[in-house]
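# Reading the structure
The residues making up each chain are set out below.
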Amino acid sequence: MNDMSALVASTGQTLARIARDFTPAVFASSLAAEDMVLTDLILKAKLSIGIFSLETGRLHAETLAVLDKIKDVYGAEIALYRPQPEAVEAYVAQNGLNAFYDSVEMRRECCRIRKVEPLGRALAGNKAWVTGQRRAQSSTRAELHIEEDDPAHGMTKFNPLADWTEEDVWQYIRDNKVPYNALHDQGYPSIGCQPCTRAIEPGEDVRAGRWWWENPDSKECGLHMVDGKLIRIKSVAA
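A brief report on the enclosed structure follows. Note that the coordinates shown come from a computational prediction; the quantities given were computed from them, not determined experimentally. (Residues numbered from 1 in each chain as written. Predicted model: local features only at pLDDT ≥ 70, side-chain atom pairs only at ≥ 80, totals over all residues. Heavy atoms only, no water.)

Turning to the overall build of the protein chain, a few remarks are in order. Looking only at helices and strands, the protein chain has six helices and six strands in total. Going from the N terminus to the C terminus, the protein chain shows its helices and strands as α-β-α-β-α-β-α-α-β-β-β-α. Summarising the internal contacts of the protein chain: among those between residues at least 6 apart in sequence, 70% fall at separations of at least 24. Looking at the protein chain as shown, the accessible area adds up to about 11,100 Å², and 51% of this sits on carbon and sulfur atoms. (Helix = DSSP H or I, 4+ residues; strand = E, 2+ residues; numbered from the N terminus. Contact = heavy atoms within 4.5 Å. Areas by Shrake-Rupley, 256 points an atom, 1.4 Å probe, with all protein chains shown as cover.)

As a further point, take the pattern of salt bridges. In a structure, side chains of opposite charge can pair up when their charged atoms sit close to one another. Counted under the stated rule, the structure contains 10 salt bridges. With a closest N to O distance of 3.0 Å, Arg 20 and Asp 21 form a salt bridge. Judged by relative accessible area, which is 58%, Arg 20 ranks as exposed. Between Glu 77 and Lys 71 there is a salt bridge, with its nearest N and O atoms 3.0 Å apart. Here Lys 71 falls in the partly exposed class, since its relative accessible area comes to 44%. Taken together, the shared-partner salt bridges connect Glu 34, Arg 134 and Glu 166 into one network. (Salt bridge = Lys/Arg side-chain N within 4 Å of Asp/Glu carboxyl O. Buried < 20%, exposed > 50% of the residue type's maximum accessible area, 1.4 Å probe, protein only.)

Residue alternation in strand 1 (residues 25–28) divides its side chains into two sets, Ala 25 and Phe 27 and Val 26 and Ala 28, and both sets are buried. Of the pairings in the sheet, the one linking strand 1 to strand 2 (residues 49–54) comprises four bridges and is parallel in character. Its bridge partner being in strand 2, Ala 25 is matched across the sheet by Ile 49. On the question of chirality, the crossover connecting strand 1 to the parallel strand 2 by way of helix 2 (residues 33–44) is right-handed. (Pairing = 2+ DSSP bridges. Right-handed = clockwise from strand over helix to strand, strands pointing away.)

Where strand 4 (residues 128–130) meets strand 6 (residues 155–158), three bridges bridge the pair, whose relative direction is parallel. The residue bridging Trp 129 from the neighbouring strand is Lys 157, located in strand 6. Across four bridges, the pairing between strand 5 (residues 147–150) and strand 6 is antiparallel. Bridging across to strand 6, Glu 148 finds its partner in Lys 157.

Okay, here's the thing in structure tokens:
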């Protein structure tokens, strides 16, 4: 078994264990390349892991188009969680549509409304959740564990692709003809909301295009934070 086959097998075993021992469990998909690898593994193995995405209201058209690709290829519908309309309206009325450019605090409040609060609803009632995070993505994720305790949501959190490289992700996509976001072919290795994401230049960090006006150590939206801090707690069962 070559390295890629072993990596895929190990990841498949992690996902199978989640489905077996942590039901109900859900996978939070950003519809980016990493998450399409996990979507492919979950759906082809018919694992009992629900899949959802956060439809923030500011996503690229190319990102939303991935939903149709998933339906066409796998015959599956991805559950969508949206922000509370009144919260969005209040933020925009008080601060302006693009106030997130003004400060880290304003940006994180926008992320809280559009992503963090909907995530809480999506995770409610589950024993575990799955993400497509990788250690190599950024300095803020260098200590990522495959299995972690998530005190913010009172459950176990899994990052099955933690030790995958960018090359591993794309080899899997090519080998398995996995559909993916067209923006990846336009210089977007990491994709978030449209106004907060740009293409990167050669040699830049893969997440350099996310909130590009901020310092690298602030580039998290809050989905993976506890009380404003990024905390990595390795599960004792891991």
